[in-house]
Amino acid sequence: MTTPTLELIHQHGSVRNYRTDSVSEDLIRQIVAAGQRASTSSNLQTYSVVVTTDSEKKLKLQQISGGQKHISQAPVFLLWCADFSRLKRICEHQGCNLEPGYVENFLVGTVDAAIAMQNAALAAESLELGFCFIGSIRNDPEKLIEMFQLPELVYPVAGMTLGWPVRSPKIRPRLPLDAVLHWEKYQKDDLLFLEEYDQTMIDTGIYDGRQVDQQDQDPASYGWLEHSARRSSKPSRPHLRESILKSGFLLK
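Please read these numbers as outputs of a predicted model, since none were measured by experiment.

Draft legend 1. Region of the structure containing the sheet that holds strand 3 (residues 130-134). Taken together, four strands build an open sheet; the order of strands is 1-2-4-3 and the sheet is antiparallel. Since the sheet does not close on itself, it has two edges, and those belong to strand 1 (47-52) and strand 3, each with one partner. Averaged over all pairs of adjacent strands, the angle between their axes in this sheet comes to 25°, without regard to strand direction. Relative to strand 4 (residues 154-163), strand 2 (residues 76-83) runs antiparallel, the two sharing eight bridges.

Okay, structure coming up:
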């Protein structure tokens, strides 16, 4: 059984080449409004979106994100943030005290933003727009907080480029369903699935030139297993925790 929605989901691919055509404010509003229809914890809606089309800001975002050229090339960049600042204002208005510094609240804001992002992404694809999530904006959250004047209790979760694709994106293989779907209890005997997927990813050529710490390794032997292990074992964004603490989340 299939539906237009299922077909759209299975055609997803990140877009890293955009036409110069602009994206109207009306379309951006439609896409973010679709994000708002996503599930949200206790209807708190603890997220906000900052949109920029400014060339200088996009270039700075590109530099923060390791030089990914599609960030400055895309006509629109959306910064998705977890936001407890609005909730703090509501609490003060109602005579209550907000206690934001618990891990649960940190998770609520981050998950709320992530779910809304995915809803918005699906809406964008339904309008024939392309996008790419940018997690590397977390390389330097403090610069983003300054650049977009984010108030206390607001921190960046991820970015999102948006525009009209130059061409249809390449659809990357995903892990076999049996590697992620468990029945009744967690199954750890998944090495065969992972090795098969590893070879599938090698065959796509996607890791050619993207080897972590092994730039001279033959791409024919460098696949998802090696790439994932090396990415996961390297320290990533060591200043992120400090930035979150400075934003007012004194995690308890």
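The structure having been displayed, the exposition proceeds.
Draft legend 2. Region of interest: the side chain of Thr52. For Thr52, the position within the fold is in strand 1. Reaching out from Thr52, the side chain makes a polar contact with the backbone nitrogen of Asp54 at a distance of 3.1 Å.

Draft legend 3. Quick look at a positive patch on the surface. Judged by side-chain charge, Arg16, Lys170, Arg172 and Arg174 come together as a positively charged surface patch. As for its position among the elements, Arg174 is in the loop between strand 4 and helix 8 (177-180). Take Arg174: its relative accessible area is 59%, and that puts it in the exposed class.

Draft legend 4. The arrangement of unusual backbone geometry in detail. Phi at Ser42 takes a positive value of approximately 55°, unusual for a residue other than glycine. By relative accessible area, Ser42 is classed as exposed at 63%. Despite not being glycine, Gln149 shows a phi value in the positive range, around 55°. Since its relative accessible area comes to 70%, Gln149 is described here as exposed.

Draft legend 5. Here's a closer look at the pairing of strand 2. Of all eight residues that make up strand 2, eight are buried, and the element is covered over most of its length. Burial of strand 2 is two-sided: the residues Val76, Leu78, Trp80 and Ala82 facing one way and the residues Phe77, Leu79, Cys81 and Asp83 facing the other way are all buried. Examined bridge by bridge, strand 1 and strand 2 share six bridges and lie antiparallel to one another. By the bridge assignment for strand 2, Ser48 is matched with Cys81.

What counts and how
Each chain has its residues counted from 1, running along the sequence as written. A pLDDT threshold of at least 70 governs which residues receive local features in this predicted model, and a stricter bar of 80 or more applies before side-chain atom pairs are shown or counted, although totals over entire chains, interfaces and linings include all residues. Only hydrogens and water are removed before side-chain values are computed, so all heavy atoms of the structure are retained for them. Note on pairing: DSSP must find at least two bridges between two strands before they are called paired. Counting from the N terminus, the helices are the DSSP runs of H or I reaching at least four residues and the strands are the DSSP runs of E reaching at least two. For helices, the axis comes from a line fit to the C-alpha atoms of the stretch in contact; other axes are also lines fit to C-alpha atoms, and the angle between any two N-to-C directions lies between 0 and 180 degrees. We define a polar contact as two N or O atoms separated by no more than 3.5 Å, with the added condition that, inside protein, one atom must be a possible hydrogen donor and the other a possible acceptor, whereas residues neighbouring each other in sequence contribute only through side-chain atom pairs. Only residues whose relative accessible area exceeds 30% and that take part in no salt bridge are eligible for patches, with like-charged residues grouped when within 9 Å of each other and nonpolar side chains (Val, Leu, Ile, Met, Phe, Trp, Tyr) grouped when within 5 Å. Methods summary: accessible areas were calculated by the Shrake-Rupley approach with a probe of 1.4 Å, and residue burial reflects only the protein chains presented. The salt bridge definition used is simple: a Lys or Arg side-chain nitrogen within 4 Å of an Asp or Glu carboxyl oxygen. As used throughout, the charge tally considers Lys and Arg to be positive and Asp and Glu to be negative, leaving His and the chain termini uncounted. Think of each charge as sitting on NZ of Lys, CZ of Arg, CG of Asp or CD of Glu. Under the scheme applied here, a residue whose accessible area is under 20% of the maximum for its type counts as buried, over 50% as exposed, and between as partly exposed, the area being computed with a 1.4 Å probe on protein chains only.

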